[in-house]
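# Structure assessment
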Amino acid sequence: MAKCARSQPAGFRLWPSSFSPALLTRRLLEAVTCGASRARENHNGPIALRPFPGRPGRLIELLQEDASESSSDEAGDVEGQLKVEAFEELQRVVARLQLDGRNADGDGRGEAAAEARRLAKDEPEARETLAMLGAIPPLVALLDFDDSAGALIDALYALLNLGIGNELNKAAIVKAGAVHKMLSLIDSGSSQAVSEAIVANFLGLSALDSNKPVIGALGAIPFLISAFRSRDSSSTAKQDALRALFNLSLASANLPFLIDAGLVPALLVSVGDMEVSERALAVLSNLVFSSEGRRAVARCNDAFVVLVDVLCWSDAAACQEKAAYVLMVMAHKGHVSRDAMIGAGAISALLELTLLGTPLAQKRASRLLEILTAHKGKGALEEVSSSCISSVSAPQCAAVSAPPDADEGMSEEKKAVKDLVQQSLQSNMRMIVRRANLPQHFAPSERLLALTANCTSKSLPF
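To keep things clear, this report deals only with the structure shown in the data block. Here the structure is a predicted model, which is why all the values come from computation and not from measurement.

Analysis parameters
- Residues numbered from 1 in each chain as written.
- Predicted model: local features only at pLDDT ≥ 70, side-chain atom pairs only at ≥ 80, totals over all residues.
- Heavy atoms only, no water.
- Buried < 20%, exposed > 50% of the residue type's maximum accessible area, 1.4 Å probe, protein only.
- Helix = DSSP H or I, 4+ residues; strand = E, 2+ residues; numbered from the N terminus.
- Contact = heavy atoms within 4.5 Å.
- Patch = residues over 30% accessible without salt bridge, like charges linked within 9 Å, V, L, I, M, F, W, Y side chains within 5 Å.
- Areas by Shrake-Rupley, 256 points an atom, 1.4 Å probe, with all protein chains shown as cover.
- Salt bridge = Lys/Arg side-chain N within 4 Å of Asp/Glu carboxyl O.
- Lys, Arg positive; Asp, Glu negative; His and termini not counted.
- Charge placed at Lys NZ, Arg CZ, Asp CG, Glu CD.
- Axes fitted to C-alpha atoms, helices over the stretch in contact; angles between N-to-C directions.
- Parallel < 35°, antiparallel > 145°, perpendicular 65-115°, else oblique.
- Left-handed = near helix turned anticlockwise from the far one by under 90°.
- Phe/Tyr/Trp six-rings, centres within 6.5 Å; stacked < 30°, edge-to-face > 60°.

### So, helix H15 (residues 277-287)
Residue pairs spaced three or four apart in an α-helix point in one direction, given the helix's 3.6 residues per turn. Across the eleven residues that make up H15, a large majority, nine, are buried. Residues of H15 that are buried in the fold lie against helix H12 (235-249), helix H13 (255-260), helix H14 (263-270), helix H16 (291-299), helix H17 (303-310) and helix H18 (317-333).

Below, the structure written as structure tokens:
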């Protein structure tokens, strides 16, 4: 509360030159409170105040509330002024972008692109306002200029920032012809920095469903595959290219373009690089939805060897689930692929996965085992079981084999299944021994061997 003035200087005016409602409220509040304080100073004892009509205490409360509202109004005026200034700044940037000129630098358009890039980086409202004011068409037009002063890079990243979290802006950027101009830059031999900026833009634009078929039809897929496979690309650029390819693979119209461009071999080669393996298998999962994609996988050399090997990656559960899914779809849709899977050792790997995999991996492995065993029946099982038995040394076979009289009356098919289960359990025991870091000369007890020898095909998931 302001202090009361004991004496007023000469020339005192009740109404100052700059009058405002908030100032009037403060004057009234000072007058009421100062009057009470002066009355206390002029009397030594208690003062019997005359009743004031209209409850003076309520008057003070009303004046205080009015003062607080006035302060809030002043704060709101300041915030509104800041918004006006920010809007005017965005207007100036767009006005500079829209200037006509033959180059990007002489008239300040390059600097305006850098400002638009900065303003759209972190502020969603700025992205919306810039697009509303018409910043997208001139930024797309800047892609026709060379990169002598960095204006091209600024324009590319300004477009990228404008599309972050804004679907309307992403659609407007594609509609303005940005995809065609970006691909023209690639064809003209752009720098590595420009190529990576274009990859980042394709990643952002391909997130919108309506943009996916447009980007694929205009020919961006070969460039993205090249960026993904190039040794000159940075790790970030490779990841962005693969993520953009994943987005495009979600649109069925793009599947023929992706397959014809050689994406399937590129994905299979990349499996094994733990930075991209999971996403590469995810893209492959989308491709095998089409018959062309399944044929492309079947045509690749060692495709099933690579996928079956993924099933044995104990430290990559997500990769195991996706590889099992690809194999399951391939086995369900194509009879020829089943023979190749069995030849690649899929059954033993799937048996192990049904015991040690995640619930989803176990479910897919069980389903795949059903398909494979139903495909060839007795012949396939006998072939696989004989190959598994021959791969194990004689002492191990003797250790896990059942007594001769136990197999009497059992069909050849059941014997083959029984031997296959025993070999799988023995393999799992050896793997558990390795994981437990037990000595190499460790051998299972006779009791455990007897349990594995007496197991039946009822333990199989199928």
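### Description of unusual backbone geometry
At Asp302, a residue that is not glycine, the phi angle is positive and equals roughly 60°. Structurally, Asp302 is set in the loop between H16 and H17. Overall, the relative accessible area of 53% leaves Asp302 in the exposed class.

### Describing a negative patch on the surface
Where like charges cluster on the molecular surface, the negative patch consists of Asp122, Glu123, Glu125 and Glu128. By relative accessible area, which is 62% here, Glu125 ends up exposed.

### Here's the deal with the environment of Gly272
Along the chain, Gly272 turns up in the loop between H14 and H15. Placed 38 residues apart in sequence, Gly272 and Val310 show a C-alpha to C-alpha distance of 8.3 Å. Setting aside residues no more than four positions away along its own chain, Gly272 makes contact with Ser277 and Trp313.

### Digging into the packing of helix H3 (residues 109-122) against helix H6 (residues 151-162)
Packing of H3 against H6 brings their axes to within 8 Å, and their N-to-C directions diverge by 30°. One element, H3, and the other, H6, form an angle in the roughly parallel class. As H3 packs across H6, the resulting crossing turns out to be left-handed. Listed contacts from H6 to Gly110, Ala113, Ala114, Ala116, Arg117, Ala120 and Lys121 of H3 are Ala151, Ile153, Asp154, Ala155, Tyr157, Ala158, Asn161 and Leu162.

### Topic: the pattern of salt bridges
Going through the model one piece at a time under the given rule, you end up with nine salt bridges. Close ionic contact of Asp154 with Arg117 constitutes a salt bridge, the shortest N to O distance being 2.9 Å. With Asp154 in helix H6 and Arg117 in helix H3, the pair connects residues that are 37 residues apart, well separated along the chain. Residue Asp154 is classed as buried on the basis of its relative accessible area, which comes to 15%. Its salt-bridge partner being Lys212, residue Asp209 comes within 2.9 Å of it at the nearest N-O pair. Since its relative accessible area comes to 59%, Asp209 is described here as exposed. According to the relative accessible area criterion, Lys212 is buried, its value standing at 5%. Connected through salt bridges with shared partners, the residues Glu89, Glu115 and Arg118 form a single ionic network.

### Here's the deal with the packing of aromatic side chains
Applying the stated criterion to the full structure yields two aromatic pairs. Judged by centre distance (6.1 Å) and plane angle (70°), the ring pair of Phe202 and Phe223 falls under edge-to-face. Highlighted residues: Phe202 in helix H9 (residues 192-205) and Phe223 in helix H11 (residues 220-229), separated in sequence by 21 residues. We note that Phe202, like Phe223, is buried.

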